[in-house]
Amino acid sequence: MSWRRVSPWVRRLLTHLLSEHELRAVISELDELNEVREGRVGATRAARAYSRSARQLALQLLGQRMRGIAGAGLSLRAVVQSLRALSRVPVFSGSIVASVGLGIGGCAAVFSVVNALFLQPLPYPDADRLHFIVTESAPNWYPLSVVDFQALKAQQTQFASVAAYMRRTRTYTADDGVAERLAAVFVTPDYFRTLGISPVLGRDFVGEDGLPGAPATVIVSDGFAELRLGGRHNALGQLIRLDGNSFEVVGIMPPDLGPLGSSTPIFPALRMQTPGRKGPFSYWAIGRLKEGVSPAGANEELAAINRNLFPLWEDSYQDDRATWGARPMADVVNGDPQDTLVVLLGAVLLVLLIATANAANLFTARVSQRRSELAVRSALGASRKQIVGHLLVETGILTVGGAAFGLLVAWGAIQLLPVVASGYLPRLSEVRLDPAVTGFALALSLLCGLLFGVLPAMTGVGKDGLGGQLRAAGRSSSLGGGKHRVHRFLVVAQLAVVVPLLTGAGLLVATLNKLQEVDPGFEAEGLLSMRASPSRSAYGSWEVRVALWDRVLAEVGAIPGVFSVGLADGRPPSRMPQSNNFDLEDDPTPPGESQPQAPWVAATPGYFEALGVPLFGGRMLRLADIDADAPSVILVDQEWEERFFPGGSAIGKRLKSGGCAQCDWTTIVGIVGNVPYAGTGTYQGGAVYSPTGYGVTDGYLYVRSAGNASAVMPLVREALRSIDPTLPLTEILTAEELLSNGLAGPRQLSRILTWFSATAFLLALMGLYGTTAYGVQRRRAEIAIRIALGGSPGAVSGRVVRQGMGLVLGGLLFGLVGALAVTRVMSSLLFEVTPRDPLTLLGVSGLLLGVALLATLVPAMRAANVDPTVVLREE
Amino acid sequence: MGRKWLGEFEHQVLLAIIRLGGEAYSVPLVLELEDRSGRDVAQAAVFIVLRRLEAKGLVSSRMEDSTETGTGRARRYFKMTSEGRDRVRAYRQMLERFWDGMDEAMGEGQ
């Protein structure tokens, strides 16, 4: 046997732990003893003893080194002892692990969103080179048109590839005739290549797929192929029917497509036909910059292409200030959730702070309770370092417990995020508990452990040891005055942190209430809406669609109990169909300036009647308005009239829509009530209504009836089935559901913040109660003497309450200052509520004072019930 | 007072050093301890105890590294210090106090 036959890890360990000379001596002595043993017990046993000795030596030295690093007391035995000790106080241990773990879990969950949106790149190769190419017309920016994209593709040199896409919905009809509405993204052939992803089966699109008149092809998602087409291999080559047209499946995409492809089942090839005008601007263009090309250089070329293109289409587009620009894809995809994330992260950090302060309070109290035990340890020879080390083992165990629980909470919260936060945070399907988030949670745990454990351990064991404690009278958990001051400080700090949280939650609740009070612009009772999407193949022409809708409106309107029925391509309060620019005859846009824009809704006359939107002047739209030789007319709402003709009337005024200089004038014939389409409480600058509702390709049917709106749904289905059985009806919602869905974002946010603040409030109240109770315990003797000398129990309890409420007032004052400073970041999330809303601040103050009073009353009453004879006998 | 107690094995190792002439390295120590105790002794345990005794100031060590000259082995010799001798004596006196009068008791129990 020789040193070389010892396990490599043992050799490596000993080489690391011993000096060169020491190692040489150890090896030499092991060899020498081995030779002796070979003669005594045989080579095999000697070799075994050799290996065992080397291994034991390595482990013993390693253990000594670890004990040296961690300070005195860290050994497996110490850990086991501490675990036993903590298991004997399950309420204490459980409270710390649960409260700190909840705080860490919440922080980690919010950080996971920050990580996914801002710290991790998009899940595409070299994602920082991916950009959106958009039309910039300050303050707006919008997609490109077919003309734009074709020019871009032909002339650009700065991008390795460019592509365009358009989001639509299509009716997929399965082989058994069942129709369903699916989200579809129509893409140009280079779309997936630009993103850097490719089909796992079949082929990607090629140039021919995008040519007008080419056979219709589609690439589908992995999920769609599995669920609807009998699996990946069966799906290839199948013909699927979308809006009555057949598309051949040529490729299957992998499951994870990132933000520009996830949740989309079908990607039909986009075949662009050059239109007769510059618009519409419906195509989102993306590009991958070439290596070494800067965004600034690309922007220069984009602007030049746009400048050269402008004069060719000036007849239909006059905004010569608009230019093209490249925006980083991550910025566009993430949107602008910073304010929301700041509020959420701030809230969870405050909750964690409170939980940590509570844990510190508990830990300090525990150290005080164990002073006798620790003093005995000191008397038996344990140094201060050893005692503190022993307490740190407990801190370490609780920290590990808190971290483990926190990771579990974070995992659970991340699963819930798409359910509770989808209204105001994007890309939640990409949020994960990855190494970065785990590292964040562990680092936070370490910090909390230092704060709640180390400080109390160091301050709880004085520099001169604990010997004097053995001489202290009584075995009660009496705290020195200094330690009680620490508790009181922690309580004031906790309450000061709670106040901004409660204020933030209160402001969001007030905002939600204000939003719920906003006039929706229509009468909700008895109103039902649904989406109806006729297939393009059967209803491709304008005339056929007009005939369809005319019949639909007539049949549904004839249903008993139905008062009125209408059709539009928009749905209040937050489904805007499109936004259109226009040029007013009375106030033409000066050259070089951008034309104004407003939501443009195609509607039938029955739409206004069904929604209960009043006509304030002029006349309603008529079916005759869509005749080919009829003059072009529109309605506008009161907000639009006030915006462009303040104090005057818009009836009879004229405009040209869509920047089309050669088109006929459009005349405003009526003024209707305001209806939101951009979201409740969101400014939209008025809405315009055109009579082309009869010709919509994808519209919303509105049915007003007596009584329960949902009750007529079976009859409506029957009526539509009798006209066309393949016409799918989706998104069936009552008006109440529409309004509720429109407030999903603010509601979710206010709920989350309310939950955070309630948790923090509860933790702070626990700290207040505990500190007040300890104070009473500490002064039992004094209280007993006061009562014995004739003091009234009422006066005693009153004193306790005053002392407790003194802490509350201190916390409230500091907290209000903090709230005034902190709630400013919430301005963009509030509606008709200021960050310093006095009602909210008063309400929070009242709540805090009232509930805190209750928390101090219990210990106060206990103080009043102190029996002087019992206490003084104990003393 | 607690830090000045000797462990049982520490005591045995110190006695073995004395028996081996006041200075020894691990190999003869292991063999001496096995002979005296009648059981196997792990060389690693002797290494660790010697380091601990040195840290307590009860022994001192020196290196004899004849590997550099290519003629022999490297060894680390441990020698009892005066503090070590005092501690062994004190330990013996403590044991004698415990055993005082025990002969009769042990004899009655037989």
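Up top you'll find the structure we're talking about.
A brief structural summary. In this text the structure is predicted, and so the values were computed from the model without any measurement.

The next thing to look at is the sheet that holds strand 12 (residues 527–532) of chain A. All names here are of chain A. Spatially, the four strands line up as an open sheet ordered 13-21-12-22, and their pairing is antiparallel. The open sheet terminates on both sides in strands that have one partner only, identified here as strand 13 (562–568) and strand 22 (729–734). Pairs of neighbouring strands in the sheet enclose a mean axial angle of 20°, with direction left out of account. The pairing of strand 13 with strand 21 (residues 699–705) spans six bridges and is antiparallel.

Residues and elements named next belong to chain A. Along the chain, Pro572 connects to Pro573 via a cis peptide bond; the corresponding omega equals 0°. Relative to the elements of secondary structure, Pro573 occurs in the loop between strand 13 and strand 14 (579–584). With a phi close to 55°, Glu832 is a non-glycine residue in the positive phi region. Looking at the secondary structure, you find Glu832 in the loop between helix 24 (793–822) and helix 25 (838–864).

This paragraph deals with the pairing of strand 3 (residues 74–80) of chain B. Residue and element names in this part refer to chain B. Judged by how many residues are buried, strand 3 sits mostly within the fold: five of seven residues are covered. Sheet topology places strand 1 (residues 23–24) next to strand 3; two bridges connect them, and they run antiparallel. Bridging across to strand 3, Ala24 finds its partner in Phe78.

This brings us to the side chain of Thr680(A). Note on placement: Thr680(A) falls in the loop between strand 19 (666–672) and strand 20 (688–690). With sequence-adjacent residues up to four places away left out, Thr680(A) is seen in contact with Leu515(A), Val518(A), Pro573(A) and Leu743(A).

What follows concerns helix 6 (residues 146–155) of chain A. Of the residues making up helix 6 of chain A, those classed as buried are Val146(A), Val147(A), Asp148(A), Phe149(A), Ala151(A) and Leu152(A). The secondary structure elements touched by the buried residues of helix 6 of chain A are strand 1 (130–137), strand 3 (159–173), strand 10 (284–289), helix 10 (295–309) and strand 11 (323–328) of chain A.

As a further point, take a nonpolar patch on the surface. All names here are of chain B. Taken together, the side chains of Leu95, Phe98, Trp99, Met102 and Met106 make up a nonpolar region of the molecular surface, amounting to roughly 520 Å² of accessible area. Of all elements in the fold, only helix 4 (82–99) and helix 5 (102–109) reach the threshold of two or more residues within the nonpolar patch. You can see Trp99 is positioned in helix 4.

Time to look at the side chain of Asp625(A). Residue and element names in this part refer to chain A. Assignment of secondary structure puts Asp625 in the loop between strand 16 (615–618) and strand 17 (633–637). Judged by its relative accessible area of 10%, Asp625 is buried. Among the polar contacts listed, one links the side chain of Asp625 to the side chain of Arg619, at a separation of 3.0 Å. Of note is the side chain of Asp625, whose polar atom sits 2.7 Å from the backbone nitrogen of Arg622.

Each side of the interface is counted separately: chain A has 25 residues, and chain B has 24 residues. Both sides of the chain A and chain B interface together cover about 2,200 Å² of buried area, and 50% of this is carbon and sulfur. Considering only the surface of chain A that becomes buried against chain B, Glu29(A), Glu32(A) and Leu33(A) emerge as the three largest contributors, covering 27% of it. Here chain A and chain B share eight salt bridges between them. We note a salt bridge from Arg45(A) to Asp40(B), for which the minimum N-O separation is 3.8 Å. Between the two partners, chain A and chain B, sit twelve residue pairs in polar contact (both at pLDDT 80 or more).

What follows covers the packing of helix 1 (residues 8–19) of chain B against helix 4 of chain B. When two helices pack together, their arrangement is given by the angle between the helix axes and by the axis-to-axis distance. All names here are of chain B. Interhelical geometry of helix 1 versus helix 4 gives an angle of 120° and a closest axis separation of 11 Å. Judged by the angle between their axes, helix 1 and helix 4 are oblique. Like other packed secondary-structure pairs, helix 1 and helix 4 cross with a definite hand, here left-handed. Residues Glu8, His11, Leu14, Leu15 and Ile18 of helix 1 form the contact with helix 4, whose participating residues are Arg85, Val88, Tyr91 and Leu95. Looking at the contact of helix 1 with helix 4 residue by residue, the classes come out as six nonpolar, one polar and two charged.

Cut-off values and rules
- Throughout this document, residue positions are counted from 1 along each chain, in the order its sequence is written.
- Numbering of ligands from 1 and lettering of chains from A proceed in the order in which they are written.
- At least 70 in pLDDT is required for a residue's local features to be given in this predicted model, at least 80 for side-chain atom pairs to be given and counted, and no such filter applies to totals for whole chains, interfaces and linings, which use all residues.
- Note that the side-chain values use all heavy atoms of the structure and ignore hydrogens as well as water.
- Any two strands between which DSSP finds at least two bridges are classified as paired.
- Helix numbers and strand numbers start at the N terminus; a helix is a DSSP run of H or I with at least 4 residues, a strand a run of E with at least 2.
- Here the axes come from fitting lines to C-alpha atoms, over the contacting stretch only for helices, and the angles between their N-to-C directions go from 0 to 180 degrees.
- The buried label applies to any residue whose accessible area, calculated with a 1.4 Å probe on protein chains only, is under 20% of its type's maximum; exposed applies above 50%, and partly exposed to all values in between.
- Any pair of residues with heavy atoms lying within 4.5 Å of one another is described as a contacting pair.
- Patch rule: a residue counts if its relative accessible area is over 30% and it has no salt bridge; like charges are joined within 9 Å, and nonpolar side chains (Val, Leu, Ile, Met, Phe, Trp, Tyr) within 5 Å.
- The protein chains shown are the only cover counted for residues, whose accessible areas, like all others here, come from Shrake-Rupley with a 1.4 Å probe.
- For this document, the term salt bridge refers to a Lys or Arg side-chain nitrogen within 4 Å of an Asp or Glu carboxyl oxygen.
- Within 3.5 Å is the distance limit for a polar contact, defined as a pair of N or O atoms, with the added protein rule that one can donate a hydrogen and the other accept it, and that residues adjacent in sequence qualify only through two side-chain atoms.
- Buried area: the accessible surface (1.4 Å probe) lost by two parts on joining, summed over both.
- An angle below 35 degrees is read as roughly parallel, one above 145 as roughly antiparallel, one from 65 to 115 as roughly perpendicular, and any other as oblique.
- In a left-handed crossing the near helix is turned counterclockwise from the far helix by less than a right angle, and in a right-handed crossing that turn is clockwise.
- Side-chain classes are defined by residue name, with Ala, Val, Leu, Ile, Met, Phe, Trp, Tyr, Cys and Pro counting as nonpolar, Asp, Glu, Lys and Arg as charged, and the others, Gly among them, as polar.

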